[in-house]
Amino acid sequence: MRVATWNVNGLRARLDFVLAWLRERQPDVVGLQEIKLTDEIFPHDAFAEVGYRAATHGQKSWNGVAILARETPEVTQRGLPGHEGFGARLLAARVGELDFATVYVPNGKHLEHEDFARKLTWLEALAEQLEQGFHASRPGVICGDFNVCPSGLDSWNEAELGGAIFHTPQERQRFEALLSAGFSDLWRKLHPDRQAFSWWDYRGGAFHRKQGLRIDFLLGTPAARSALQAAEIDRGWRKKRDGLTPSDHAPVWADLA
DNA sequence: ATGTCGGAATTATTCCGA
């Protein structure tokens, strides 16, 4: 079974790009983030044509998450309880025997902004929510854009960015708490010393300058981790193709037995 | 170059968020 995560940065602008990726990679379950549209206009038909059912938690203009799967996802949670006012950022569903969730963690903007403190609180609430929705003995994956760079290895410039947004001890401690609760960073488990990024700013030629961050993750329960066979970041899909503009994030996928 | 995108508000230009 192939599971994947992708912040698409606007599904209307990215639909053809996403469909091409689905045809090539043939994932079984995908968590999308930043779909930037409402549930009413979600393109269910386009996904059905390539063999996917979708569950959605969207909103107008910003944020929004969705789950694509070969079989119909049965939604177990829409939104992070008590934090719905911070945007449509969490969707959990059962897909066959897999417990799955997609999250779009608040950006936080900068350390002095009120959104930074709200981001930390949101991450704490996420940890509580996951305790209820996932179990060590069941295969489960929580994926998404966490907007946290877990270690210096995950940043193109820890020397200068360490301590700045995405790189603070407060964010890292809260991400670490998710791992301590039993979730494994699946890509990192297979590539413990590799530096690779999943996001590059559109500005300044960051992609070609290799100025990126690894902030998109597939976190697996112990049962998922023990079934892990492969995990990759689809860096090639961060490039323009056939004249289509890419997202600023690359997809990340993992194969589970 | 604070250098690019997506989307909305408003009518091709400006803003906001990332």
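1. Some remarks on the sheet that holds strand E14 (residues 252-256)
Turning to step 1, where the next piece is worked out: In spatial order, the strands read E3-E4-E2-E1-E14-E13; together these six strands make up an open sheet with mixed pairing. Sheet topology places strand E3 (53-57) and strand E13 (228-233) at the edges, where each strand pairs with a single neighbour. Averaged over all neighbouring strand pairs, the angle between strand axes comes to 15°, with direction disregarded.
Turning to step 2, where the next piece is worked out: Looking at chain direction, strand E1 (residues 2-7) and strand E2 (residues 29-33) are connected through five bridges and run parallel. Note on E2: the bridge partner recorded for Thr5 is Gly31.
Turning to step 3, where the next piece is worked out: Against the sheet, helix H1 (residues 11-25) touches E1, E2, strand E4 (65-69) and E14, its axis set at about 160° to E1.

2. Notes on the side chain of Arg188
Turning to step 1, where the next piece is worked out: Positionally, Arg188 belongs in helix H6 (residues 186-190).
Turning to step 2, where the next piece is worked out: Among the polar contacts listed, one links the side chain of Arg188 to the backbone oxygen of Arg194, at a separation of 2.7 Å.
Turning to step 3, where the next piece is worked out: Non-local contacts of Arg188, meaning those with residues more than four positions away in its chain, are made with Leu153, Asp154, Asp193, Arg194 and Arg214.

3. Notes on unusual backbone geometry
Turning to step 1, where the next piece is worked out: For Lys36, which is not glycine, the phi torsion reads 55° and is therefore positive.
Turning to step 2, where the next piece is worked out: Relative to the helices and strands, Lys36 is located in the loop between E2 and helix H2 (44-49).
Turning to step 3, where the next piece is worked out: One non-glycine residue with positive phi stands out, namely Ser61, at about 75°.
Turning to step 4, where the next piece is worked out: In this fold, Ser61 is placed in the loop between E3 and E4.
Turning to step 5, where the next piece is worked out: Relative accessible area serves as the criterion here: at 31%, Ser61 is assigned to the partly exposed category.

4. A word on the protein's contact with DNA strand B
Turning to step 1, where the next piece is worked out: In the vicinity of DNA strand B, 17 residues are found, and the nearest of them are Arg14, Ser61, Trp62, Lys109 and Tyr202.
Turning to step 2, where the next piece is worked out: Close to the protein, within 4 Å, the atoms of DNA strand B are drawn from sugar and phosphate at a rate of 72%.
Turning to step 3, where the next piece is worked out: Between a sugar or linking oxygen of DNA strand B and a main-chain N or O atom of Tyr202, the distance comes to 3.2 Å.
Turning to step 4, where the next piece is worked out: A total of four residues in the surface near DNA strand B trace back to one element, the largest contributor, which is H1.

5. With respect to the state of the cysteines
Simply put, disulfide is the name for a covalent bond between the sulfur atoms of two cysteines.
Turning to step 1, where the next piece is worked out: Enumeration over the complete set of coordinates arrives at zero disulfides.
Turning to step 2, where the next piece is worked out: Looking at the unpaired Cys143, the closest cysteine sulfur is the one in Cys149, lying at 18 Å.
Turning to step 3, where the next piece is worked out: In this structure Cys143 comes out as buried when scored by relative accessible area, which is 0%.
Turning to step 4, where the next piece is worked out: Residue classification places Cys149 among the buried positions, given a relative accessible area of 0%.

6. Topic: the packing of aromatic side chains
Turning to step 1, where the next piece is worked out: A full pass over the atoms with the stated rule returns nine aromatic pairs.
Turning to step 2, where the next piece is worked out: Ring geometry for Trp200 versus Phe207: centroids 4.9 Å apart, planes at 80°, classification edge-to-face.
Turning to step 3, where the next piece is worked out: Exposure remark for Trp200: the relative accessible area of 2% places this residue in the buried category.
Turning to step 4, where the next piece is worked out: Three or more aromatic residues joined by ring pairs make a cluster, and in this case those are Trp6, Phe17, Trp21 and Trp237.

7. Details of the sheet that holds strand E7 (residues 98-104)
Sheet strands pair by backbone hydrogen bonding; their relative direction is either parallel or antiparallel.
Turning to step 1, where the next piece is worked out: Strand order in this open sheet of six strands is E5-E6-E7-E8-E12-E9, and the pairing throughout is mixed. With one partner strand each, in any of the chains shown, strand E5 (74-78) and strand E9 (184-185) form the two edges of the open sheet.
Turning to step 2, where the next piece is worked out: Of the pairings in the sheet, the one linking E9 to strand E12 (residues 216-220) comprises two bridges and is antiparallel in character. Across the sheet, residue Ser184 finds its bridge partner in E12, namely Gly220.
Turning to step 3, where the next piece is worked out: Along the sheet, helix H3 (residues 114-133) makes contact with E5, strand E6 (90-95), E7 and strand E8 (140-145), crossing E7 at roughly 170°.

Calculation rules
Each residue is numbered by its place in its chain's sequence as written, counting from 1. For naming, the first written chain is A and the first written ligand is 1, with later ones following in the order written. Where totals are concerned, whole chains, interfaces and linings use all residues; where local detail is concerned, this predicted model gives features only for residues with pLDDT of at least 70, and gives and counts side-chain atom pairs only at 80 or more. In computing side-chain values, all of the structure's heavy atoms are included and hydrogens and water are not. Between any two strands, at least two bridges found by DSSP are needed for them to pair. A run of H or I in DSSP counts as a helix once it spans at least four residues, and a run of E counts as a strand once it spans at least two, with each numbered from the N terminus. Here, axes are lines fitted to C-alpha atoms. For helices the fit covers the stretch in contact, and angles between N-to-C directions go from 0 to 180 degrees. Here, residues are in contact when the closest pair of their heavy atoms is within 4.5 Å. As used in this structure description, the phrase polar contact means that two N or O atoms lie within 3.5 Å; if the pair is within protein, one of them must be able to donate a hydrogen and the other to accept it, and residues adjacent in sequence are counted only when both atoms belong to side chains. Each residue is placed in one exposure class: buried if its accessible area under a 1.4 Å probe, protein chains only, is under 20% of its type's maximum, exposed if it is over 50%, and partly exposed if it falls in between. Proximity is defined per residue: any heavy atom of the residue falling within 4 Å of a molecule or strand makes that residue near it. Cysteine sulfur atoms that pair up within 2.5 Å are treated as a disulfide. In summary, the pairing rule links any two rings of Phe, Tyr or Trp, Trp by its six-membered ring, whose centres are within 6.5 Å, and it sorts them by plane angle into stacked for under 30 degrees, edge-to-face for over 60 and tilted for everything else.

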